[in-house]
Amino acid sequence: MSTPKQVIEMAKKAGARMFDLKFVDTFGTWQHFSCPIGELEESIFNDGLGFDGSSIRGWKSIEASDMLALPDPKTAFIDPFCAVPTLSLTCTIAETGTLEPYARDPRGIAVKAEKHLISTGLADQAFMGPEAEFFVFDNVQYESGANGCFYSVDSEEGVWNSGRDEMPNLGFKIRHKEGYLPVAPADTQQDLRTEMCLLMEELGVRIERQHHEVATAGQAEIDYRFDTLLRAADSMMVYKYVVKNVARKHGKTATFMPKPLFGDNGSGMHTHQSLWKKGKPLFAGKEYGGMSQMALYYIGGLLKHARALCAVCNPTTNSYKRLVPGFEAPVNLAYSARNRSAAVRIPMYSENPKAKRIEYRPPDPAANPYLAFSALMMAGLDGIQNKIDPGEPLDKNIYELPPEELKRVPNVAGSLAEAADALDQDHEFLLKGDVFTRDFLEMWVASKRKEHDALRLRPHPYELSMYYDV
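Conventions and cut-offs
- Position numbers for residues start from 1 in each chain and track the written sequence from start to end.
- Where local features are concerned, this predicted model is filtered to residues with pLDDT of at least 70; where side-chain atom pairs are given and counted, the filter is 80 or more; whole-chain, interface and lining totals use all residues.
- Hydrogens and water molecules were not included; the side-chain quantities draw on all heavy atoms of the structure.
- Helical segments are the DSSP runs of H or I of at least four residues, strand segments are the runs of E of at least two, and each set is numbered from the N terminus.
- When we talk radius of gyration, it's over C-alpha atoms, and the globule rule is simply 2.2 Å times the number of residues to the 0.38.
- Each residue gets one of three labels from its accessible area relative to the maximum for its type: buried under 20%, exposed over 50%, partly exposed in between, using a 1.4 Å probe on protein chains only.
- Throughout, a contact is declared for two residues whenever any of their heavy atoms are within 4.5 Å.
- Here, Shrake-Rupley sampling with a 1.4 Å probe gives the accessible areas, and only protein chains in the shown set may cover a residue.
- In this tally, Lys and Arg are treated as positive and Asp and Glu as negative; His is ignored, and so are the chain termini.
- Positions of charges follow a simple convention, taking NZ of Lys, CZ of Arg, CG of Asp or CD of Glu.
- Working definition: a ring pair exists when centres of Phe, Tyr or Trp rings (six-membered ring for Trp) sit within 6.5 Å. Plane angles under 30 degrees give stacked, over 60 give edge-to-face, the rest tilted.
- A pair of strands counts as paired when DSSP detects no fewer than two bridges linking them.

Chemist: Any chance you could explain the overall build of the protein here in plain terms?
Modeler: Per the secondary structure count, the protein includes 14 helices and 17 strands. Computed over its C-alpha atoms, the radius of gyration of the protein comes to 23 Å, within 12% of the 23 Å expected for a compact globule of 470 residues. Considered along the principal axes of its C-alpha atoms, the protein spans approximately 65 × 60 × 50 Å. In the protein, buried positions account for 53% of the 470 residues. Counting only contacts in the protein whose residues sit at least 6 apart along the sequence, the fraction spanning at least 24 positions is 69%. On the protein, roughly 21,700 Å² of surface is accessible, and the fraction owed to carbon and sulfur atoms is 52%. Here the protein holds 53 positive side-chain charges and 63 negative ones, and the gap between their average locations is 4 Å.

See below:
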């Protein structure tokens, strides 16, 4: 769908009785409201529909709460999870009266990022290919109070259930760190992931592959084809929506939390990136790894701003329980061909210039994709514009480097507080083209510090194990 008229025709053919306007809040969660199909007119695509922005996290105060949701016709699909046929549309957010884009709307930030790229003359398209991992559990419980807290997640294939009386227990439980690509009966979720894939394809998200991931207890990955920055972020929202709702349909629960299990791999969102101009790829060349000098400068920008990027690409306190050595998480800021222990990897599967790209490995799926992809591109552009040298590649297993060599390799931020401080000190590259505003970044940093403090102030159950008898 590309025009309002085509969307309205689509709704009629599908027998839609409602239409649903979805938009993403500051921290990456889809919000929505619905209207009877009789209210769907071509004018709303230009004029928008009003809603109260004061109840959305990080947005308006109550005395200036009126906002407009402007649907994008290219995002239309019939929502497969509604009992009544319902047309779904994703929106950007505008100010009432002026129709100016709202500076704190993440999707609006991604729109500005794409416009800024064109304005530089360096390229006209930024492609993003995220690989978002997730867990599918059978049960999750958690509670936090003044005098106690706990959490518990469970999965039928979790290794801790090898001794559970399941009447009968058939014994196929995936051991820690041995979940990468086993077939059934160890992999119990093949059909579940396939259902997710086929449903995403029906909604316009082109799937490349699906598989079980490294961790026990239902860790999974579904990869969709790279797309332009905005469309890749739109697809990530559809991806999360489908994964969570298909899991729920089958009595399971899916989470994109980066580190829900102790002692096993967390969930990342490795993000493949490339720049194109007039239909031609710009990252292929004769430099290291078959890359162009532009691509190496792009890598230089990512590495220079990596600690600040953590505040956007690893935006939760839980993110930093994944970013620790030994679990394939890329905590060391280096680049290399093929090497998955480096923060930046140059995939070497193909010599086709169209396949030349870089893979930035630190992000996790808790990130708001509109903000993360925009920030990554802005860091890379800063590298190109300022010719930032990424240094020499590191073609070694970084986890096995001797201490005297390892200490010379810089690290990502070690906590959300460190990341917030880094962004506070290093954010000028995000302000170019008014893509991000100072107001937005000040709000973001303050929110992240507040999240860090919320965890810092609470006793942890493991502290009682370590310290109760002091």
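Chemist: Hey, could you run me through the packing of aromatic side chains in this one?
Modeler: Think of a pair of aromatic rings as described by two things: how far the centres are apart, and how the planes are tilted against each other in angle. All chains considered together, the criterion is met by 18 aromatic pairs. Considering the side-chain rings of Tyr224 and Tyr239, the 5.9 Å spacing of their centres and the 55° angle between planes classify their relative orientation as tilted. Of this pair, Tyr224 sits in strand β10 (residues 219-224) while Tyr239 sits in helix α5 (residues 229-249); the two residues are 15 residues apart in sequence, bridging distant segments of the chain. Taken together, the ring pairs connect Phe23, Phe33, Phe51, Trp59 and Tyr102 into an aromatic cluster.

Chemist: Help me out: how do you make sense of the pairing of strand β1 (residues 18-24) in this one?
Modeler: Consecutive side chains of a regular strand alternate in pointing toward one face of the sheet and then the other. Burial runs high along β1: six of the seven residues are buried. Across five bridges, the pairing between β1 and strand β5 (residues 86-95) is parallel. Its bridge partner being in β5, Leu21 is matched across the sheet by Leu89. The pairing of β1 with strand β2 (residues 30-36) spans seven bridges and is antiparallel. The partner of Val24 across the bridge, within β2, is Trp30. Joining the antiparallel neighbours β1 and β2 is a turn of five residues, in which Gly28 adopts a positive phi near 105°.

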